[in-house]
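Coordinates in review
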Amino acid sequence: MPARPPSPEQAARMTASVPTAPPPSPPPRLGHPRAARVRAKRDFDAIFSTGRRVATPAAALHWLPREAGARLGLAVSRKVDPHAVGRNRIKRAWRQAFRQLRAQLAPADYVIVARAPARGLDGAALRALLADLLRRARALPAPGPGLTMPPAPDPARAGSAAAPPAPPAVLP
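Here's what I pulled together on the structure shown here. (Residues numbered from 1 in each chain as written. Predicted model: local features only at pLDDT ≥ 70, side-chain atom pairs only at ≥ 80, totals over all residues. Heavy atoms only, no water.)

Once that is clear, we can look at the nonpolar core. Counting 30 residues, the largest nonpolar core has Leu61, Trp94, Leu105, Tyr110 and Leu134 as its most contacted members. Put simply, the parts of the chain that give this core at least two residues each are strand 2 (59–65), helix 3 (84–101), strand 4 (108–114) and helix 4 (123–136). In contact with leucine 105, other than residues within four places in its own chain, are Ala70, Phe98, Tyr110, Leu134, Ala139 and Leu140. (Core = buried A, V, L, I, M, F, W, Y, C linked by side-chain atoms within 4.5 Å. Buried < 20%, exposed > 50% of the residue type's maximum accessible area, 1.4 Å probe, protein only. Helix = DSSP H or I, 4+ residues; strand = E, 2+ residues; numbered from the N terminus. Contact = heavy atoms within 4.5 Å.)

Here we come to unusual backbone geometry. At arginine 138, a residue that is not glycine, the phi angle is positive and equals roughly 60°. Examined against the element boundaries, arginine 138 turns out to sit in the segment after helix 4. When its relative accessible area of 73% is taken as the criterion, arginine 138 is described as exposed.

Here we take up the pattern of salt bridges. If the charged atoms of two oppositely charged side chains come close together, the side chains can form a pair. Here the structure, examined in full by the defined rule, presents five salt bridges. Here lysine 41 and aspartate 45 are joined by a salt bridge, their closest N and O atoms 2.8 Å apart. On the criterion of helical spacing, the pair formed by lysine 41 and aspartate 45 is a turn pair, its members being four residues apart in helix 2 (residues 41–50). On the basis of relative accessible area, aspartate 45 is assigned to the partly exposed category, the value being 37%. Close ionic contact of aspartate 109 with arginine 66 constitutes a salt bridge, the shortest N to O distance being 3.3 Å. Of the two residues, aspartate 109 is situated in strand 4 and arginine 66 in the loop between strand 2 and strand 3 (71–75); the sequence distance between them amounts to 43 residues. Residue aspartate 109 is classed as buried on the basis of its relative accessible area of 8%. For arginine 66, a relative accessible area of 30% puts it in the partly exposed group. (Salt bridge = Lys/Arg side-chain N within 4 Å of Asp/Glu carboxyl O.)

Taken by themselves, the reported measurements are silent on function.
What follows is the structure, encoded as structure tokens:
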């Protein structure tokens, strides 16, 4: 005769005694935290009125130095793209670039104001535009040399070339 299946109460008691693994921890948030955003109107007003600015035909970067950390504000109006999808695409590309560059940036509040030519740029071009604006503002270090050629010899050290080190002595 086949065994009867356990009642729901018996099944619950049997599974309750079996140790289970803890639930997996959620993946780390790669979002744009509030502490990294310029959000208040008075902050935007201060950056626009007393901050500095660099610009290209596609965007303008306004910045104002501060004590701690870099924060980003974005202004993409309907004049740039009448469709929300297009405006959100521009903002998403700039937020992604800012997240990747934030650790290298000088502490300041940065506001990027999009202009109409930004609508025609793809994501990679928008990210490159932000990096270029930050370099022009001297908030981001210039890229290093391309390591395709050895560095040029220093003329001050031309006469003091040292002899190569002698090979180590071999003991019998």
